[in-house]
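Overview (structure and organization)
What follows is the residue order along each chain.
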Amino acid sequence: MSDPRIRALQPVRTARPEDEAGLGELDRATWSTLHSVQPRPWPPYEPFFGDRRPPGDHLVAEAVTDQGALLAGYIRLGRPTPLACNAHVRQIQGLAVAGWARRHGLGRTLLRACAERARGEGAGRLTLRVLGHNAAARALYEAEGFAVEGVLPGEFFLHGRYVDDVLMGRSLTV
């Protein structure tokens, strides 16, 4: 099957249980050491949704294509800790855009929808972690108002080299 041609983008929406298979497939298709510290997934695959990753924590982007409506990307928004003193912070815990859907602004759209959702939940800060060698993701995050707030040098050893864990955040009140 050739890559679909995007005709229109649907509004970002909250994931539904029936999105599980498609999101799992998207997650596996976009896996890369550029952004993942987990081993490449192999069958049998773990469920995409779980107790700590319910559908409601995910926002999805769909594209209307020449092959019909397809899941094009997702972003996972969660709390970094269950502590009451940290309840004002939300954390991006995953972002993926299908290869065929890149360069259409979906990553930016998902980030903005995520920030809006976090504000609606009363959050005043949004944080994330990104691997130091993922220059494209870091540039996108910086363009959307995130700043580097810390670096854990050489935190991960991936494919024969040490990679920094970069902590980024932004205010949602400005």
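**Brief notes about the packing of aromatic side chains**
- Per the counting criterion, the structure on display carries 4 aromatic pairs.
- Within the aromatic cluster, the residues linked to one another by ring pairs are F48, F49 and Y74.

**Considering the layout of surface pockets**
- Within this model, the second largest pocket holds a volume of roughly 320 Å³.
- Broken down by secondary-structure element, the contributors of at least two residues to the lining of the second largest pocket are α1 (20–29) and β4 (68–78).
- Tallied by class, residues from the lining of the second largest pocket come to 9 nonpolar, 5 polar and 2 charged.

**Quick notes on the pattern of salt bridges**
- Counted under the stated rule, the structure contains 9 salt bridges.
- The shortest N-O distance in the salt bridge between E144 and R112 comes to 2.9 Å. With a gap of 32 residues between them, E144 in the loop between α3 (135–143) and β7 (147–158) and R112 in helix α2 (residues 106–120) connect regions that are remote in the sequence.
- Taking the relative accessible area as the measure of exposure, E144 reaches 10% and is therefore buried.

**Description of the packing of α2 against α3**
- Contact pair α2 / α3: the axes reach a minimum separation of 11 Å and the direction vectors enclose 50°. Classified by the angle their axes make, α2 and α3 are oblique. For α2 against α3, the interelement crossing comes out right-handed. On the side of α2, the interface is formed by G107, R108 and L111, while α3 contributes L140, Y141 and A143.
- Counted by class, the contact of α2 with α3 contains 4 nonpolar, 1 polar and 1 charged residues.

Here is what the cut-offs are and how they apply
Residues numbered from 1 in each chain as written. Predicted model: local features only at pLDDT ≥ 70, side-chain atom pairs only at ≥ 80, totals over all residues. Heavy atoms only, no water. Phe/Tyr/Trp six-rings, centres within 6.5 Å; stacked < 30°, edge-to-face > 60°. 1 Å grid on protein atoms, 1.4 Å probe; cavity = no way out; pocket = protein on both sides within 12 Å on 5 of 7 lines; lining within 4 Å. Points joined across faces, edges and corners; volume = space filled by probe spheres on them. Helix = DSSP H or I, 4+ residues; strand = E, 2+ residues; numbered from the N terminus. Nonpolar A, V, L, I, M, F, W, Y, C, P; charged D, E, K, R; others polar. Salt bridge = Lys/Arg side-chain N within 4 Å of Asp/Glu carboxyl O. Buried < 20%, exposed > 50% of the residue type's maximum accessible area, 1.4 Å probe, protein only. Axes fitted to C-alpha atoms, helices over the stretch in contact; angles between N-to-C directions. Parallel < 35°, antiparallel > 145°, perpendicular 65-115°, else oblique. Left-handed = near helix turned anticlockwise from the far one by under 90°. Contact = heavy atoms within 4.5 Å.

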